[in-house]
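# Observations on the three-dimensional arrangement
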Amino acid sequence: MGNVLVVVEQLNGKTGEITFEMLGKGRELASALGGELHALVIGGQADELGIADKVWVMGDGALAHYTSANHKAALVAAISAISPRVTLIGNTSIGMDLAAGASAATGIPLIAYCNALRVEGGQVVGTSQIYGGKVLAEVAPEDGACIVSVLAGAFPASAGRSDKTPVLETLAPPALDNRVRFVRLIEPEAADVDITKAAVVVSVGRGIQSADNIELADGLADALGGVVGASRPVTDAGWLPKSRQVGKSGLRVKPKLYLALGISGAPEHLEGMKDSGLIIAINQDASAPIFDVAHYGVVGDLFEIVPALTEKIKG
Ligand SMILES: Cc1cc2nc3c(=O)[nH]c(=O)nc-3n(C[C@H](O)[C@H](O)[C@H](O)COP(=O)(O)OP(=O)(O)OC[C@H]3O[C@@H](n4cnc5c(N)ncnc54)[C@H](O)[C@@H]3O)c2cc1C
């Protein structure tokens, strides 16, 4: 059977965007494989999953919080009961752990860091974004099943939403292993703005030199109706909160316009923004790798260019 199983990721009872991205892509893969789209909820709730043909619900409050051993055992049991051709898991901090563990336990090959997926000649073909985004590897597991960990932002979430009511089925949970127990969730500091939702992101890098100079980027972002993002050195220095960080250990953004001011373009940064609609970079080093992904670039001093650009836009 060519069924596709999406492992639902929920935090505090809320289904993450990555789940809808996978459901939309999963629907397309299931049609191409001649199978059904199934969703698996481990210890959570099955609302909002109407696009799936069937939702499998396993466990109750005891599995509500993620622990590696219990959720891996739950997923392995579900895969054995459902036998999906493709299992999609978000490449999140939870999903990276879960996907690798389930792959090792079942022997089913894993396509990790996947940012593109298609069916070609009946075979699943995935693109793995490896070495921090420097290398894209196209891989096709042999005819059998595969597990795929999907990068957030790779597919549109809108394709995974539906008001329909799916068929619900219950799966028996595995015996629990309580050697590692969930104690409490430490919430990140509340973000003042959500950079993942902005149409325009003006990001600053180490080239901005100090916290005081960030007002230059604020001015440009205001003029463009956007928000200010940052590379990691800027948030590490405390010049902007962590919630503004773009990249591998920050957030992945896909705005219509991304302006990179004084950012070199390290792979870890590119991973978070290279799919933006239009990328414009300002950097005084003509050989900075940011220019490899930028659609437009200005080689020059941001302290001269940004104020002039802001004035021009305001005018
Ligand atoms: C596991 C791991 C995870 C990471 N996660 C992230 C992440 O999520 N996000 C992230 O950004 N990084 C991340 N990094 C760090 C990453 O490797 C880079 O060190 C970082 O992105 C560099 O930031 P930058 O471009 O601001 O600084 P730099 O590399 O120092 O570049 C500064 C740039 O500013 C330019 N510049 C200086 N002055 C001016 C001026 N006056 N006008 C114009 N240009 C000027 C310079 O030419 C230079 O290109 C991670 C690293 C690791 C190992």
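Residues numbered from 1 in each chain as written. Predicted model: local features only at pLDDT ≥ 70, side-chain atom pairs only at ≥ 80, totals over all residues. Heavy atoms only, no water.

### Things to note about the site of the ligand
Put simply, the rule is: When we say a residue is near a molecule or strand, we mean one of its heavy atoms is within 4 Å of it. Identification of polar contacts relies on pairs of N or O atoms within 3.5 Å, with a donor-acceptor requirement for protein atoms, meaning one able to donate a hydrogen and the other able to accept it, and with residues adjacent in sequence counted only if both atoms are side-chain atoms. Runs of H or I in DSSP of at least four residues are treated as helices and runs of E of at least two as strands, each being numbered from the N terminus. Under this grouping Gly is polar, as are all residues other than the nonpolar Ala, Val, Leu, Ile, Met, Phe, Trp, Tyr, Cys and Pro and the charged Asp, Glu, Lys and Arg.
Arg-206, Ser-231, Ser-249, Ser-264 and Asn-283 are the nearest of the 25 residues found near the ligand. Take Ser-231: an N or O atom from its side chain is 2.5 Å from an oxygen atom of the ligand. In this structure, Ser-264 approaches the ligand through a side-chain N or O atom, which is 2.7 Å from an oxygen atom. Taken together, the elements giving at least two residues each to the shell around the ligand come down to helix H5 (232–236), helix H6 (267–270) and helix H8 (302–314). When the residues that make up the shell around the ligand are grouped by side-chain class, the tally is 6 nonpolar, 13 polar and 6 charged.

### Regarding unusual backbone geometry
Filter applied, for reference: Type-normalised accessible area, obtained with a 1.4 Å probe on protein chains alone, sets the label of each residue: buried when under 20%, exposed when over 50%, and partly exposed for intermediate values.
Here Glu-48, not a glycine, exhibits a phi torsion of approximately 70 degrees, which is positive. Residue placement: Glu-48 occurs in the loop between strand S4 (37–42) and strand S5 (54–58). Take Glu-48: its relative accessible area is 46%, and that puts it in the partly exposed class.

### Focus on helix H2 (residues 68–82)
Given 3.6 residues per helical turn, the α-helix brings residues three or four places apart onto the same face. Put simply, the rule reads: How far a helix is expected to stretch is found by multiplying one less than its residue total by 1.5 Å. By construction, the arc corresponds to the directions joining the helix axis to the C-beta atoms.
Here H2 contains 15 residues, and its C-alpha end-to-end distance of 21 Å stays within 8% of the 21 Å for a straight helix at 1.5 Å per residue. Where H2 is concerned, the buried positions are Asn-70, His-71, Ala-74, Leu-75, Ala-78, Ile-79 and Ile-82. On an axial view of H2, the arc spanned by its buried residues comes to 165 degrees, and they lie on one face. Trailing H2 by a residue or two, Ser-83 shows a phi angle of about 50 degrees, which is positive.

### Some words on the packing of helix H4 (residues 214–224) against H8
Each packed pair of helices is defined by two parameters, the angle between the axes and the distance between the axes. How we decide: All axes are obtained by fitting lines to C-alpha atoms, using only the stretch in contact for helices, and the reported angles, taken between N-to-C directions, cover 0 to 180 degrees. Angular relationships are summarised with four words: roughly parallel below 35 degrees, roughly antiparallel beyond 145, roughly perpendicular across 65 to 115, and oblique for the angles in between. Whether a crossing is left-handed or right-handed is set by the direction in which the near helix is turned from the far one by less than a right angle, anticlockwise for left-handed and clockwise for right-handed. The contact rule is simple, with two residues in contact once any of their heavy atoms fall within 4.5 Å.
Their axes nearest at 9 Å, the elements H4 and H8 cross at an angle of 25 degrees. Between H4 and H8, the angle is such that the two are roughly parallel. H8 is crossed by H4, and the crossing has left-handed handedness. Within the contact between the two elements, H4 uses Leu-216, Gly-219, Leu-220, Ala-223 and Leu-224 and H8 uses Leu-302, Phe-303, Val-306, Pro-307, Leu-309, Thr-310, Ile-313 and Lys-314. In terms of residue class, the contact of H4 with H8 is made up of 10 nonpolar, 2 polar and 1 charged.

### Brief notes about the pattern of salt bridges
Applicable threshold: By convention in these notes, a salt bridge is any Lys or Arg side-chain nitrogen within 4 Å of a carboxyl oxygen on Asp or Glu.
As enumerated under the stated definition, the model contains 14 salt bridges in all. The salt bridge partner of Asp-236 is Arg-232, with a shortest N-O separation of 3.3 Å. With Asp-236 and Arg-232 both in helix H5 and 4 residues apart, this pair spans about one turn of that helix. Using a relative accessible area of 44% as the deciding quantity, one classes Arg-232 as partly exposed. Assessed through its relative accessible area of 51%, Asp-236 is described here as exposed. One network of salt bridges, with partners in common, ties together Arg-118, Glu-120 and Glu-138.

### Overview of the nonpolar core
Worth spelling out the cut-off: Nonpolar cores were defined as sets of buried Ala, Val, Leu, Ile, Met, Phe, Trp, Tyr and Cys residues, with membership established by side-chain atoms within 4.5 Å.
Counting residues in hydrophobic clusters, the biggest one holds 31 residues, and the most contacted among them are Val-86, Leu-88 and Val-148. Elements represented by at least two residues in this core include exactly strand S1 (4–7), helix H1 (17–33), S4, S5, strand S6 (86–90), strand S7 (110–120) and strand S10 (146–150). In terms of residue count, H1 provides more of this core than any other element does, 7 residues in total. For Leu-88, the residues in contact, after removing those within four places along its chain, are Val-4, Leu-5, Val-6, Val-7, Met-22, Gly-26, Leu-29, Leu-117, Val-148 and Val-150. Listed in part, the 19 residues of the second largest apolar core include Leu-5, Ala-74, Ile-82 and Ile-89.

### Some words on the sheet that holds S7
Where we set the bar: At least two bridges found by DSSP between two strands are what make those strands a pair.
Here 9 strands make up an open sheet; going across it, the order is S9-S8-S7-S10-S6-S1-S4-S5-S11 and the pairing mixed. Either end of the sheet is taken by a strand with one partner, and the two such strands are strand S9 (135–139) and strand S11 (167–171). Across the sheet, the mean angle from the axis of one strand to that of its neighbour is 30 degrees, orientation sign disregarded. Strand direction decides the pairing type here: S1 and S6, joined by 3 bridges, are parallel. Each bridged residue has a counterpart across the sheet, and for Leu-5 the counterpart in S6 is Thr-87. Here H1 sits on the sheet and contacts S1, S4, S6, S7, strand S8 (123–130) and S10; the angle it forms with S1, its principal contact strand, is near 175 degrees. Packed onto the sheet, H2 meets S1, S4, S5, S6, S10 and S11 and runs at close to 150 degrees relative to S4.

By themselves, these figures tell us nothing about what the structure is for.
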